[in-house]
Amino acid sequence: MAKGDRGAPARGKEVAGEPAPDFVQLLTPDGERIDKSVGADGVEYTIDLTDEEYRGLYRDLVVIRRLDAEATALQRQGELGIWASLLGQEAAQVGSGRALRPQDMAFPTYREHGVLYCRGIDPILPLSLYRGVDQGAWDPAEFKVNMYTIVIGAQTLHATGYAMGITKDGKVGGDDGEAVICYFGDGATSQGDVNEAFIWSSVFHAPIVFFCQNNQYAISEPIEKQTRIPLYRRADGFGFPGLRVDGNDVLATYAVTRTALDNARHGQGPTLIEAYTYRMGAHTTTDDPTRYRVASEVEEWQARDPIARVRAFVEKQQIADAAFIAEVDEQAKQEALQLRERVLAMPDPHPLTLFDHVYPNGSPVVDAQRERYAEYLDSFEGSAH
Amino acid sequence: MAKGDRGAPARGKEVAGEPAPDFVQLLTPDGERIDKSVGADGVEYTIDLTDEEYRGLYRDLVVIRRLDAEATALQRQGELGIWASLLGQEAAQVGSGRALRPQDMAFPTYREHGVLYCRGIDPILPLSLYRGVDQGAWDPAEFKVNMYTIVIGAQTLHATGYAMGITKDGKVGGDDGEAVICYFGDGATSQGDVNEAFIWSSVFHAPIVFFCQNNQYAISEPIEKQTRIPLYRRADGFGFPGLRVDGNDVLATYAVTRTALDNARHGQGPTLIEAYTYRMGAHTTTDDPTRYRVASEVEEWQARDPIARVRAFVEKQQIADAAFIAEVDEQAKQEALQLRERVLAMPDPHPLTLFDHVYPNGSPVVDAQRERYAEYLDSFEGSAH
Amino acid sequence: MAEKLTIGKALNAGLRRALEQDPKVLIMGEDVGKLGGVFRITDGLQKDFGEDRVIDTPLAESGIIGTAVGLAIRGYRPVCEIQFDGFVYPAYDQIVSQVAKMHFRSQGKVKVPMVIRIPFGGGIGAVEHHSESPEAYFAHTAGLKVVACSSPQDAYTMIQQAIASDDPIVFLEPKRRYHEKGEVDTEATYPLHASRRVRPGTDATVLAYGPMVRTALDAATAAQEDGRDLEVFDLRTLSPLDLEPVFESVRRTGRCVIVHEAPSNVGLGAEIAARITEECFYSLEAPVLRVTGFDTPYPAARLEEDYLPDLDRVLDAVDRTFGW
Amino acid sequence: MAEKLTIGKALNAGLRRALEQDPKVLIMGEDVGKLGGVFRITDGLQKDFGEDRVIDTPLAESGIIGTAVGLAIRGYRPVCEIQFDGFVYPAYDQIVSQVAKMHFRSQGKVKVPMVIRIPFGGGIGAVEHHSESPEAYFAHTAGLKVVACSSPQDAYTMIQQAIASDDPIVFLEPKRRYHEKGEVDTEATYPLHASRRVRPGTDATVLAYGPMVRTALDAATAAQEDGRDLEVFDLRTLSPLDLEPVFESVRRTGRCVIVHEAPSNVGLGAEIAARITEECFYSLEAPVLRVTGFDTPYPAARLEEDYLPDLDRVLDAVDRTFGW
Ligand SMILES: Cc1ncc(C[n+]2csc(CCOP(=O)(O)OP(=O)(O)O)c2C)c(N)n1
Ligand SMILES: Cc1ncc(C[n+]2csc(CCOP(=O)(O)OP(=O)(O)O)c2C)c(N)n1
Ligand SMILES: [Mg+2]
Ligand SMILES: [Mg+2]
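Parameters and conventions
- Residues numbered from 1 in each chain as written.
- Chains lettered and ligands numbered in written order.
- Predicted model: local features only at pLDDT ≥ 70, side-chain atom pairs only at ≥ 80, totals over all residues.
- Heavy atoms only, no water.
- Helix = DSSP H or I, 4+ residues; strand = E, 2+ residues; numbered from the N terminus.
- Rg over C-alpha atoms; globule rule 2.2 N^0.38 Å.
- Buried < 20%, exposed > 50% of the residue type's maximum accessible area, 1.4 Å probe, protein only.
- Areas by Shrake-Rupley, 256 points an atom, 1.4 Å probe, with all protein chains shown as cover.
- Lys, Arg positive; Asp, Glu negative; His and termini not counted.
- Charge placed at Lys NZ, Arg CZ, Asp CG, Glu CD.
- Core = buried A, V, L, I, M, F, W, Y, C linked by side-chain atoms within 4.5 Å.
- Contact = heavy atoms within 4.5 Å.
- Donors = N, O, S within 2.8 Å, 3.2 Å for Na, K, Ca; no water.
- Near = heavy atom within 4 Å.
- Polar contact = N/O pair within 3.5 Å; in protein donor to acceptor, adjacent residues only side chain to side chain.
- Buried area = accessible area lost by both parts, 1.4 Å probe.
- Salt bridge = Lys/Arg side-chain N within 4 Å of Asp/Glu carboxyl O.
- Nonpolar A, V, L, I, M, F, W, Y, C, P; charged D, E, K, R; others polar.
- Pairing = 2+ DSSP bridges.
- Axes fitted to C-alpha atoms, helices over the stretch in contact; angles between N-to-C directions.
- UniProt positions renumbered as here; feature names shortened; annotations may be inferred.
- Phe/Tyr/Trp six-rings, centres within 6.5 Å; stacked < 30°, edge-to-face > 60°.
- Lys NZ or Arg CZ within 6 Å of the ring centre and 35° of its normal.
- Least-squares fit on C-alpha atoms with pLDDT ≥ 70 in both.
- pLDDT = per-residue confidence, 0-100.

(A) Main features of the overall build of chain A. The helix and strand tally for chain A stands at twelve helices and ten strands. Relative to a compact globule of 385 residues, whose C-alpha radius of gyration would be 21 Å, chain A shows 22 Å and is just as compact. Per-residue burial over chain A gives 63% buried out of 385 residues. Here chain A displays about 13,300 Å² of accessible surface, and carbon together with sulfur accounts for 50% of that area. Charged side chains in chain A number 38 positive and 58 negative. The centres of these two groups are separated by 4 Å.

(B) Structural view of the nonpolar core. Ranked by internal contacts, the top residues of the largest apolar core, which has 262 residues, are C:Ile65, C:Met114, C:Ile276, D:Ile65, D:Met114 and D:Ile276. No other element matches the ten residues that helix H1 (residues 51-76) of chain A contributes to this core. When residues no more than four places from it in sequence are discounted, the contact partners of C:Met114 are C:Ile65, C:Ala68, C:Val69, C:Ala72, C:Pro78, C:Cys80, C:Val99, C:Asp167, C:Pro168 and C:Ile169.

(C) Geometry of the coordination of the magnesium ion (ligand 3). All names here are of chain A. For the magnesium ion (ligand 3), the full set of protein donor atoms is Asp186 (OD), Asn215 (OD1) and Tyr217 (O), and the range of their distances to it is 2.0 to 2.1 Å. Written as a sequence motif, the donor arrangement for the magnesium ion (ligand 3) is D-x28-N-x1-Y. Residue tyrosine 217 is classed as buried on the basis of its relative accessible area, which comes to 6%.

(D) How the structure looks around the site of ligand 1. Near ligand 1 there are 20 residues, and of these A:Tyr110, A:Arg111, A:Ile150, A:Gly187 and D:Glu61 occur at the shortest range. The environment around ligand 1 is built from residues contributed by chains A and D. A distance of 3.4 Å separates an oxygen atom of ligand 1 from a polar atom in the side chain of A:His283. Surface burial for ligand 1 is 96%, taken as the share of its 580 Å² of free accessible area covered by protein chains.

(E) Summary view of the interface of chain C and chain D. In this assembly, 52 residues from chain C lie in contact with 52 residues from chain D. Each partner contributes to the roughly 4,400 Å² buried at the junction of chain C and chain D, and carbon and sulfur atoms together form 60% of this total. Looking only at chain C, the three residues that lose the most surface to chain D are C:Tyr137, C:His140 and C:Val266, adding up to 17% of its buried area. Remark: the boundary between chain C and chain D carries eight salt bridges. We note a salt bridge from C:Glu132 to D:Lys101, for which the minimum N-O separation is 2.9 Å. The interface formed by chain C and chain D holds 18 residue pairs in polar contact (both at pLDDT 80 or more) in total. Secondary structure elements with two or more residues in the side of chain C that touches chain D: helix H4 (92-99), helix H5 (102-105), helix H6 (135-139), strand E13 (256-263), helix H10 (268-279) and strand E14 (289-293) of chain C. Top contributing element to the side of chain C that touches chain D by residue count: H10(C), with eight residues.

(F) Quick look at the site of ligand 2. What surrounds ligand 2 is a group of 20 residues, the closest being B:Tyr110, B:Arg111, B:Ile150, B:Gly187 and C:Glu61. Between ligand 2 and the protein, one listed contact pairs an oxygen atom with a side-chain N or O atom of B:His283 at 3.4 Å. Taken by itself ligand 2 offers 580 Å² of open surface, and the protein chains cover 96% of this. Across the shell around ligand 2, the residue classes break down as ten nonpolar, six polar and four charged.

(G) Spotlight on the sheet that holds strand E4 (residues 77-81) of chain C. Residue and element names in this part refer to chain C. Read across the sheet, seven strands follow the order E3-E2-E4-E5-E7-E6-E12 without closing on themselves; strand pairing throughout is mixed. Where the open sheet ends on each side, the last strands, each with one partner, are strand E3 (54-56) and strand E12 (237-239). In this sheet, neighbouring strand axes are inclined to one another by 20° on average, regardless of whether the strands run parallel or antiparallel. Against the sheet, helix H3 (residues 61-73) engages strand E2 (25-29), E4 and strand E5 (115-120), with an angle of about 170° to E4.

(H) Representation of the interface of chain A and chain C. Listed by partner, the interface residues are 43 residues for chain A and 44 residues for chain C. Summed over both sides, the interface of chain A with chain C buries roughly 3,500 Å², with 59% coming from carbon and sulfur. Of all residues in chain A, the largest losses of buried area upon contact with chain C belong to A:Lys168, A:Trp200 and A:Tyr359, amounting jointly to 20% of the total for that side. Taken together, chain A and chain C are joined by three salt bridges. Applying the counting criterion to the chain A and chain C interface returns 23 residue pairs in polar contact (both at pLDDT 80 or more).

(I) The arrangement of the environment of C:His193 in detail. Residues and elements named next belong to chain C. Here histidine 193 shows up in the loop between strand E8 (181-185) and strand E9 (196-199). Assessed through its relative accessible area of 25%, histidine 193 is described here as partly exposed. Excluding anything up to four places from it in sequence, histidine 193 contacts Lys145, Val147, Ile169, Thr237, Ser239, Pro240 and Asp242. One polar contact links histidine 193 to threonine 237, side chain to side chain, over a distance of 3.0 Å.

(J) The arrangement of the UniProt feature "domain: Dehydrogenase E1 component" (unreviewed entry) in chain A in detail. Here, the residues flagged by UniProt with the feature "domain: Dehydrogenase E1 component" (unreviewed entry) are residues 62-336 of chain A. Span residues 62-336 of chain A is 44% helix and 11% strand, its end C-alpha atoms 11 Å apart.

(K) Geometry of the sheet that holds strand E14 (residues 289-293) of chain D. Residues and elements named next belong to chain D. Overall, mixed pairing links the five strands, which are arranged E9-E11-E10-E13-E14 in an open sheet. Two strands in the sheet have a free side with no partner beyond their single neighbour: strand E9 (196-199) and E14. Here the strands of the sheet are splayed against their neighbours by 25° on average, with no regard to which way each runs. When strand E10 (residues 204-208) meets strand E11 (residues 230-234), the two strands line up parallel, connected through five bridges. Each residue of the ladder has a partner; that of alanine 208, found in E11, is aspartate 234. Where helix H10 (residues 268-279) meets the sheet, it contacts E10, strand E13 (256-263) and E14, and its direction lies at approximately 155° from that of E13.

(L) Representation of the packing of aromatic side chains. On inspection of all chains with the given rule, the structure shows 72 aromatic pairs over all chains. With 4.8 Å between their ring centres and 65° between their planes, B:Phe355 and C:Phe294 make a pair best called edge-to-face. One end of the pair, B:Phe355, is in the loop between helix H11 (322-344) and helix H12 (364-380); the other, C:Phe294, is in the loop between E14 and helix H11 (304-307), on a second chain. Judged on exposure class, the residue B:Phe355 and its partner C:Phe294 are both buried. With a centroid separation of 5.8 Å and 55° between ring planes, the pair formed by C:Tyr92 and C:Phe138 is classed as tilted. Taken together, the residues C:Tyr92 in helix H4 and C:Phe138 in helix H6 connect sequence positions 46 residues apart. Of the two residues, C:Tyr92 and C:Phe138, neither departs from the other in class, the shared state being buried. Taken together through their ring pairs, the aromatic side chains of A:Phe184, A:Phe198, A:Phe210, A:Phe238, A:Phe240, B:Phe184, B:Phe198, B:Phe210, B:Phe238 and B:Phe240 make up a single cluster. Geometry around B:Tyr217 places B:Arg293 over its ring, the cationic atom sitting 5.3 Å from the centre. The side chain of C:Lys145 reaches across the aromatic face of A:Tyr359, ending 4.8 Å from its centre.

(M) Structural context of the relation of the copies chain C and chain D. At an RMSD of 0.0 Å, chain C and chain D line up after a rotation of 180° and a shift of 0.0 Å along the axis. The two molecules are tied by a two-fold rotation axis, judged by turn and shift. Of the interface residues in chain C, 100% have counterparts in chain D that sit at the interface too, so the contact is made through matching surfaces.

(N) Spatial organisation of the confidence of the model for chain A. Residues with a pLDDT of 70 or more make up 94% of chain A, whose mean pLDDT is 94. Summarising per-element confidence for chain A, the mean pLDDT is lowest in strand E1 (residues 23-24) of chain A (95) and highest in strand E6 (residues 208-214) of chain A (99).

(O) Region of interest: the pattern of salt bridges. Within the structure shown, the criterion is met by 105 salt bridges over all chains. Between B:Arg66 and B:Glu70 there is a salt bridge; the shortest N-O distance is 2.9 Å. Pair noted here: B:Arg66 and B:Glu70 are both in helix H1 (residues 51-76), with a separation of four residues, about one helical turn. Judged by its relative accessible area of 30%, B:Arg66 falls in the partly exposed class. Here D:Arg275 and D:Glu271 are joined by a salt bridge, their closest N and O atoms 3.6 Å apart. With D:Arg275 and D:Glu271 both in helix H10 and four residues apart, this pair spans about one turn of that helix. Overall, D:Glu271 belongs to the buried group, its relative accessible area being 2%. Taken together, the shared-partner salt bridges in this structure form one network comprising A:Lys144, A:Asp169, A:Glu178, C:Lys24 and C:Arg74.

(P) Structural detail: the UniProt feature "domain: Transketolase-like pyrimidine-binding" (unreviewed entry) in chain C. UniProt tags residues 5-180 of chain C as "domain: Transketolase-like pyrimidine-binding" (unreviewed entry). Span residues 5-180 of chain C is 36% helix and 18% strand, its end C-alpha atoms 8 Å apart.

In structure tokens:
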């Protein structure tokens, strides 16, 4: 698949240098604002933010990228077991993450570090999972972000059920209605669970936004291994709207996600958003993408960087000056530094915590094993062992 | 959902008494031939059979219904453990079954007795399964019909894999190309496996026809519990054509299935056919449909009977005379009688066959259990036990 | 208040009471609403509690369990019906990787208080996939609890206890016994996760659960005629097992036979035999023997009487423990 | 011809030879093609045998196994890679209800000669779902065979035998040992479904398979220093088990310890303990003891050394059998 300048092969042929008619874009790679953009759902999208808000988005993007780079470095140095970098997907995550209202609930995969950041989750928390210290450190109820899900697609059904619960609670139909956003990748769309989630959401008219980050790869497999047609069109067969957005455009992503969430909370049912983006790095730190993709492809996408275009925009529009840019860089640096220090200081879990929380009500079998293991550990105490 | 005269709620609103524009119909419930009918895929369908062929279809329909009634009676009399009647779905099964070419392969559910009949499978063979004598009596390779599959949707992946094998064998691309037909119900469309089968078939461009008999119910659940939009439209989201046919019209069903199979064998990939029909009887003999549907609905569908319209047609067109009609009735009666006698005469399996065929290469564990059980059975020999 | 109910009706009454007592309880599954389930266990519940609480779902087991997880996270207490044992496997991933692990992996922050009801076992003359005994698959899965009822009383009480518990519980119902009747004391209280001695005896210990409890009791009655006094346990909780009372019994009798329908290989019987041997090593007069389904797929209906443990096979095993 | 290979490379060489020898052999799975698999077990095979025979599939495990069934019916011999143990469950229905039963239910008319390769077990410091030991779930399933390799020689030989067999086989690969090296005789022949004594000894019998074979051998070496001579078996075939040689050993030693990573409850160890007790009742000096993962979900990586059986825990169990 040729990946054109705007990266938007849509229903018909992709026209190089032009966004396909149904690819929502509000900020070009050069930082030019597009006033209005019509989606595949026939809706005209636009956005009007305050300067403060534009600067906020820029800040998010920069900080998130910096923290991500720090995590990658920490992994290289052996401080994390593995890391799933979001490099290149910052706009998709910040655009959608900032579009959430406080009452909304998010169900992430394992790569949504940017979304977590937008929800106010301390960036140390996802890192404990990747360090191997725990398997989920933040409280989903407190931050309204569920735990990471590693089994591909499983969270789409959880999100759907949660959304059904919103309806049962009578929390749809007004501005204060609640909605769910469910994240998943292009590869995930092939899983039975994800398609079942589409069916259930449609049948129960659930207040949910399916947010697919099509980063063009599922580990080594390009999108052609999962579908012959654009992914957003999957929604057609299930009876709810689907649309594609430039996932490297934080403004367009914000606009379409905000609209879809608001539709959901007002009782208009599900939407599938395909955020067309690119995984600039490896799948995870254990992956070697040079085995399956060419450098020129990566370079093409480099030219559509999600941060560069916002910077160009805020500078050209004089929304931000050099001092602001420098300040954000400094903030990012400081946050990264703190993150590093806190990762290094993270204590290992005590062996016996292994037996905790297997069941809310406990189990005599687990208790006996804990006790026996404690005695066993004690038996080494003082020995040269 | 109101079920109109032609039973074809399609993309827009259903127009009572008129087939919706994309519902392929070539024979009205009154037995009037429609010359041409355009499907949702934009294709114009027509059919031109010889009188002999029309009579043949009529014969199939009548015999199949009669055998089915006999099986239901046998179950009532305790001779079968359970029976899944095809009553009302004869046209969908004969139309599609007769559309198969000898080299094609079918993957049925548990209700495709009519398809089996068209493929030349002795009707006693599926009955041994329902009698509890075995779990699959015919040779799939001989008749090119795989075993019945009871786990909803599982066979759709088998069918897809088989179709991928056809491509690997280079058996697509000409008139002698092979194709697969995969049967499933409206309820099955909600299973992950079925949607995965759509994805795989699309991605691998497999020579397969997905034949969904939408008989309006999955046990007690009406079609609205599975989808908000017509089922044939599911294909849109996966990138291959889908269309709806009057499943009570044997001619239309034959025409669309024949075309779809020929497209597949010529390398044009999958098609989804939704045969819009009705389960006139209970789900199985253990079911009580009066608990979940009203008599008037059944009566409405009675007026669209798949056999009555063919009879009206062949009589009006003088393709068949009273003698022919009587002869077919007599044949059906005779075949049913023979079936009954043979069911009653069917021997019970020997206890030790329980241990047969667990593994192609056998297993010492199973062998030991067989041996021990044989000794155990022997120990009762001669005892009053 | 005591009344005579079948196991099926007792389950229905227990579900009804759970729905009455906690508005967060939901029932979901295929055909559970208007039809009341293919076994009528949920009969009348949708009529009385509405479509919002008794939900006819799309035909997708992974969807049933997966959305139930989400509903549980939202604060609901879903009771999922799997129509037949053989149809639970499409949901297996959601059950073993999500339901079972959620509380552990969240360090207790996320609870998924769900009940997964499964009519299980054979003996009803059904076609394939309708007579499976999948309990070992769940008992081997840490994070799940597994229970099986065998009487109307337990059906009524245990289903309510399971629903009230915050643990995710696989609830196995002995489908071939749905029509068996017994007294139900609607106010009875006793622990959910406890085995029960259902017949005292002195000569050998017989263990069973679900549909095989009746078989074990019948065997004990028959053994009485031969002058053998069997002690019978209904295990009731399959994970965690409650074996202390069993150990006490085996220490007395020195002989033990375990009965279940599931295949022998790596079944519950293996675990129980291993544990008893560990705990009662010096008391055993013979190895713990297992009377189980064979290590073959569940056969066609006309072979199931051969496949399933029955009174004679239980007695044969008891005999063998005496002949050791 | 003998050469020194890692387990990973031996598997690769075995797969290559199978592809060469039978044009019906296919390899399919996620990332098995261009990437050569996340563990590089299929490295270079797509390049040499083409996309038609080494197939990068959509991301759907049920699809992988389900289409492989269809390909097998069509006459192919698919070798399916499941990327990690924890991702086999979406395919569980296809495996236990379709793959396992097809030959039986068709009375031998339909064969599905498939191999399902699963890198299994922990010890690699991974995140959740990447360190599971699901063997009991498959061994309890009649109709499946289950084997585990533990050395380069077996990796090379067993993978070819499994592919050549008409039985459907779950093939477990000890992922944490992929990099361990050993001699491979490419012409070696021996049976697939046989356990193997990998260390003779006289004092107690230790049983292991897959990644734990090395652990058991290390324990035996350490025990030697304490003056205890342990006999070690690599079980190799987990279903059907090949226990005759083990019985012979236990009758000699009177003591037995089983080691596996999977949780204890209803695990392989339970079956083996039960069988040994049945067969060697009068020879046992102590009950058969199990050294296993705990009955908890697999923990975070920094706890896995506590979770996993190691040399010390094996020796501790051996000690306990002597203290009985
Ligand atoms: C059920 C399951 N199968 C396989 C895997 C292994 N795996 C982890 S990530 C991944 C690719 C996911 O691709 P995509 O959905 O596009 O998300 P991305 O990683 O690109 O964000 C795979 C195959 C898994 N985690 N779960
Ligand atoms: C996986 C699975 N779940 C549940 C069932 C029980 N069951 C048997 S038939 C059926 C309804 C099937 O409906 P549909 O697909 O419309 O086919 P129909 O019976 O109407 O021909 C159900 C739920 C099953 N066989 N398999
Ligand atoms: Mg991706
Ligand atoms: Mg139906």
